[in-house]
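Understanding the architecture of this molecule
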Amino acid sequence: MLRLCFALLFVSILCGPAFAVEGPLLTDDTWRISSTSRLTVDGGLALGAPAALPTGLSTGVGAGASFGSGWFTLGARGSWSSATESSIAWTVTHQDIRLRATGAIQHAVGRGRIALRMGLGHTFVREDRLRNQGARAGLTGSDLETSSFSARPAGDLEVVVLLHVAGPWLLTLGGGPSVSYATSTLHGGWISELGIGWQP
């Protein structure tokens, strides 16, 4: 044990100057904000209520870009998510593709920004229905499974927080209510995204 202590002491004396020359791995410059561009790009995990299913959780990915400075930004966003629900007779899978043109009012607070973002566009919904135990019963064609596709005018209103972490990198978090229109009725829900942003 004593020999091990002397060996460690000897190695630390020999290698200490080398470590001192290299310097620490993390400095104040590591966390300094280096963003100067008006462009912000982000992407990450998307969660929300399905656009057409009355229940369930739709999970997927989303991304977007915004351009502007001061109080206002304009941009575009898109996301894909899916949800699967079952009943006694059917297993239903919905895939939602949300495409939005966005505008936001924002305010800088310390290392971050808080924004109220509105998005308008369409939500494209693909529905796949599979009859449970239908193949075992010998069903084929539309008796076994069906698919449909629809496009719905939609809009979102989100509260968004962007926090500068290091250099051009940001942590982004947003969410709020979402509304889509189909067959003369409004379908309400919610959306949220957690991701990483980049502002050069």
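Just so it is clear, the model here is predicted, and its values are computed rather than measured.

**Quick look at the overall build of the protein**
Summing up its helical and strand segments, the protein has one helix and eight strands in all. When contacts within the protein are restricted to residue pairs at least 6 apart in sequence, those whose partners lie at least 24 apart make up 58%.

**Remarks on empty space enclosed by the protein**
Summed over all chains, the structure comprises three cavities of 30 Å³ or more. The space that makes up the largest cavity amounts to roughly 250 Å³. Listed by contribution, the elements that provide at least two residues to the lining of the largest cavity are β1 (39–48), β2 (58–67), β3 (72–86), β4 (90–109), β5 (112–131), β6 (145–166), β7 (169–182) and β8 (185–198). Broken down by element, the residue count for the lining of the largest cavity peaks at four residues, all from β4. Its boundaries defined by the atoms lining it, the second largest cavity holds a volume of some 180 Å³. In this structure, the second largest cavity is lined by 17 residues; those nearest its centre are S79, R98, D156, I191 and E193. Elements with a minimum of two residues in the lining of the second largest cavity: β1, β3, β4, β5, β6 and β8. Take the lining of the second largest cavity: its biggest share by element is four residues, from β3.

**Description of unusual backbone geometry**
Even without glycine at this site, T183 takes up a positive phi of about 45°. As for its placement among the helices and strands, T183 is situated in the loop between β7 and β8. Residue classification places T183 among the exposed positions, given a relative accessible area of 73%. The phi angle at S184 is positive, at roughly 65°, despite the residue not being glycine. Within the element layout of this structure, S184 appears in the loop between β7 and β8.

**Quick look at the nonpolar core**
Among the nonpolar cores identified, the biggest contains five residues, and these are A104, A115, V160, L162 and L170. Those residues in contact with V160 that sit more than four places away from it in its chain are R113, I114, A115, R117, L173 and G174.

**Some words on the confidence of the model for the protein**
Of the residues in the protein, 78% reach a pLDDT of 70 or more, and the chain-wide mean stands at 85. The element-level mean pLDDT for the protein is lowest in helix α1 (residues 2–22), coming to 53, with β2 highest at 97.

**A short note on the packing of aromatic side chains**
Scanning the entire structure with this criterion turns up one aromatic pair. Measuring from ring centre to ring centre gives 6.2 Å for F124 and F149, while their planes differ by 15°; the resulting arrangement is stacked. In this pair, F124 is assigned in strand β5 and F149 in strand β6, connecting sequence segments 25 residues apart.

**So, the sheet that holds β3**
Read around the closed barrel, the eight strands follow the order β1-β2-β3-β4-β5-β6-β7-β8; overall the barrel is antiparallel. Between one strand and the next, the sheet's axes are offset by a mean angle of 20°, whatever the strand orientation. When β6 meets β7, the two strands line up antiparallel, connected through ten bridges. Residue D156 lies in a different strand from β7, and its bridge partner there is S178.

Calculation notes
Residues numbered from 1 in each chain as written. Predicted model: local features only at pLDDT ≥ 70, side-chain atom pairs only at ≥ 80, totals over all residues. Heavy atoms only, no water. Helix = DSSP H or I, 4+ residues; strand = E, 2+ residues; numbered from the N terminus. Contact = heavy atoms within 4.5 Å. 1 Å grid on protein atoms, 1.4 Å probe; cavity = no way out; pocket = protein on both sides within 12 Å on 5 of 7 lines; lining within 4 Å. Points joined across faces, edges and corners; volume = space filled by probe spheres on them. Buried < 20%, exposed > 50% of the residue type's maximum accessible area, 1.4 Å probe, protein only. Core = buried A, V, L, I, M, F, W, Y, C linked by side-chain atoms within 4.5 Å. pLDDT = per-residue confidence, 0-100. Phe/Tyr/Trp six-rings, centres within 6.5 Å; stacked < 30°, edge-to-face > 60°. Pairing = 2+ DSSP bridges. Axes fitted to C-alpha atoms, helices over the stretch in contact; angles between N-to-C directions.

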